[in-house]
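# Understanding the architecture of this molecule
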Amino acid sequence: MQQLEALTREARALAVGDLTLLPAAPLSLHEAEVGRQMQICNACRYCEGFCAVFPAMTRRLEFGQADIHYLANLCHNCGACLHACQYAPPHEFAVNVPQAMARVRGQTYADYAWPPALGKLYQRNGVTVALALAAALALFLAMVISIRGTLFHAPLAGNFYAVFPHNLLVAMFAPIFLFAMLALSLGVRRFWRDVSPGALNSSAVAEATSNALRLKFLDGGHGEGCNNEDDAWTLWRKRFHHATFYGFMLCFASTCTATVYHYLFNWQAPYAMTSLPVLLGIAGGIGLLVGPAGLFRLNLRRHPLHGDAAQKPMDRAFIALLFFTSLTGLALMIWRDTPAMALLLAVHLGVVMALFATLPYGKFAHGVYRCAALLKWAIEKRQPLLLKLGDD
């Protein structure tokens, strides 16, 4: 009888052209668990002021797959709701929103991966694989240099292009970086289409950008920070995230500035220690040492009920690649005028290439999907509330 009713609804939807009447896609085990917990939370609403997840939740009575994907990526895993919840384990309701959301987030990264066949890489992108890839690439580049007879050389005044010509570096790294950006863009475009965000407007974009750049929802809803290993609040997770993000952006700005110098002004590297590309790179490198080191320490000490333990290898792989990208880059800058410069350059380029290659299929994706979810929330909160509970 249920199958007959489902077929009837599908036929009616196709007849009138209203695809919203079509039966919803079946939920996975983790998605169903988020739906179950959201129903409990929607009846309680104690955590409504903690972050954007709970106000977004209250705009819904049912939680379909798209809603669950959206809420999961809107969750910052700060842990505040878990430590405040009267229904958290060992209560029989076993409400653990951060863990349930984290499991679905990992699923969405794989589901929206492009090309789809590579989505399984999220489950295999651990520390060992990441560092082995970096080491293999570094070894390959070192062998290439050695064949040319320049692995240990007379000081080259920091001229990297004497080892690898500029055009060769562009040919090596541009395709990998562009593929990573394409894969992430196509994945988040599918996510954006599925969550049906509504019309963009400038105020929503401004709010979402501000929330992302300030990491507003890592303050626990009260401004005193997240929970990490216990009930105590701490702002260190937010601070280390800021150091990592802005360190990465400063390094990216350094590369962009050097590109402008090279192509627009015809100013060839190496640049002086007081030049803008070098100063930006040093500042960004320091941020990418401090931030990932702090995040790694917090990750090791994180409460076992926070997040998804199965994703910790992926988290730590990304942290490790960021840290060693910075460490090898700063080492290269310090010893660029020594005979070891070519070897240091090979190691640094190998780590950077491994970072770029794993960007679309590792922890980096969480920032892209979270920004999309934050933008949807900024749009959604400006729309009229469709639930008219108590009205006829």
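Given the structure is predicted, the values throughout are model-derived calculations rather than measurements.

Parameters at a glance
Residues numbered from 1 in each chain as written. Predicted model: local features only at pLDDT ≥ 70, side-chain atom pairs only at ≥ 80, totals over all residues. Heavy atoms only, no water. Salt bridge = Lys/Arg side-chain N within 4 Å of Asp/Glu carboxyl O. Helix = DSSP H or I, 4+ residues; strand = E, 2+ residues; numbered from the N terminus. Buried < 20%, exposed > 50% of the residue type's maximum accessible area, 1.4 Å probe, protein only. Expected span 1.5 Å × (residues − 1). Contact = heavy atoms within 4.5 Å. pLDDT = per-residue confidence, 0-100. Core = buried A, V, L, I, M, F, W, Y, C linked by side-chain atoms within 4.5 Å. Polar contact = N/O pair within 3.5 Å; in protein donor to acceptor, adjacent residues only side chain to side chain. Disulfide = S-S within 2.5 Å. Axes fitted to C-alpha atoms, helices over the stretch in contact; angles between N-to-C directions. Parallel < 35°, antiparallel > 145°, perpendicular 65-115°, else oblique. Left-handed = near helix turned anticlockwise from the far one by under 90°. Phe/Tyr/Trp six-rings, centres within 6.5 Å; stacked < 30°, edge-to-face > 60°.

If charged atoms from side chains of opposite charge come close, those side chains can pair. Tallied over the full model, the rule gives 9 salt bridges. A salt bridge links Asp-308 to Arg-103; the nearest nitrogen and oxygen atoms lie 3.9 Å apart. Here the residue Asp-308 occupies a position in the loop between α11 (276-301) and α12 (312-334), and Arg-103 occupies one in helix α6 (residues 97-111), the gap between them amounting to 205 residues. A residue is classified by how much of its surface remains accessible, and Asp-308, at 16% relative accessible area, is buried. Here Glu-229 and Arg-301 are joined by a salt bridge, their closest N and O atoms 3.1 Å apart. Taken together, the positions of Glu-229 in the loop between β1 (226-227) and β2 (233-234) and Arg-301 in helix α11 put the pair 72 residues apart, joining distant regions of the chain. We classify Glu-229 as partly exposed; its relative accessible area is 30%. For Arg-301, a relative accessible area of 38% gives the class partly exposed.

To continue, consider helix α10 (residues 236-263). The terminal C-alpha atoms of α10 lie 40 Å apart, and with 28 residues this matches the ideal 40 Å at 1.5 Å per residue to within 8%. Structurally, α10 contributes buried residues whose contacts are with α8 (166-194), α9 (202-214), β1, α11 and α12.

A few words on the confidence of the model for the protein. When pLDDT is averaged across the protein, the result is 88; 92% of the residues are at 70 or more. Contacts of residues 1-6 to residues separated by more than four positions or lying in other chains number 1 contact, the stretch itself having pLDDT below 50. Below a pLDDT of 50 lies the segment residues 18-22, which in the model reaches 7 contacts outside its immediate sequence neighbourhood of four places, other chains included.

What follows is about the nonpolar core. If you look at the biggest cluster of nonpolar residues, it comprises 53 residues, and the most contacted ones within it are Met-38, Val-53, Phe-54, Tyr-70, Leu-71, Leu-74 and Met-101. For this core, the secondary-structure elements that each account for two or more residues are α2 (29-44), α3 (53-57), α4 (65-74), α5 (80-84), α6, α8, α9 and α14 (364-380). By residue number, the principal contributor to this core is α14, which donates 9 residues. Of all hydrophobic cores here, the second largest spans 30 residues; its members include Leu-169, Leu-322, Met-353 and Ala-354.

Bringing α6 into the picture now. Taking 1.5 Å as the rise per residue, α6 with 15 residues should run 21 Å; its terminal C-alpha atoms sit 21 Å apart, in good agreement. Across the 15 residues that make up α6, a large majority, 12, are buried. Buried residues belonging to α6 abut α2, α3, α4, α5, α12 and α14. With a side-chain oxygen positioned 3.2 Å from the backbone nitrogen of Gln-99, the residue opening α6 is Asn-96.

Moving on: the state of the cysteines. This structure, assessed with the given rule, holds 0 disulfides. Note on Cys-44: no disulfide assigned, nearest cysteine sulfur contributed by Cys-47 at a separation of 6.5 Å. Of all cysteine sulfurs in the structure, the one in Cys-251 sits closest to Cys-256, which takes part in no disulfide; the separation is 11 Å. Taking the relative accessible area as the measure of exposure, Cys-256 reaches 33% and is therefore partly exposed.

This part is about the packing of α9 against α14. Running from N to C, α9 and α14 point in directions that differ by 135 degrees, and their axes come no closer than 8 Å. Overall, the two elements α9 and α14 adopt an arrangement that is oblique. Regarding α9 and α14, the two cross each other, and that crossing is right-handed. Together, Ala-204, Val-205, Glu-207, Ala-208, Asn-211 and Ala-212 of α9 and Cys-371, Leu-374, Leu-375, Ala-378 and Ile-379 of α14 make up the contact between the two elements.

Right, let's get into the packing of aromatic side chains. For any pair of aromatic rings, the description rests on two quantities: the centre-to-centre distance and the angle between the ring planes. Tallied over the entire structure, the rule returns 19 aromatic pairs. Judged by centre distance (5.7 Å) and plane angle (40 degrees), the rings of Tyr-109 and Tyr-122 are tilted. With Tyr-109 in helix α6 and Tyr-122 in the loop between α6 and α7 (127-147), this pair connects stretches of sequence that are 13 residues apart. Relative to Phe-364, the ring of Phe-318 lies with its centre 6.1 Å away and its plane at 70 degrees, an arrangement referred to as edge-to-face. Separated by 46 residues along the polypeptide, Phe-318 in helix α12 and Phe-364 in helix α14 bring together distant segments of the chain.

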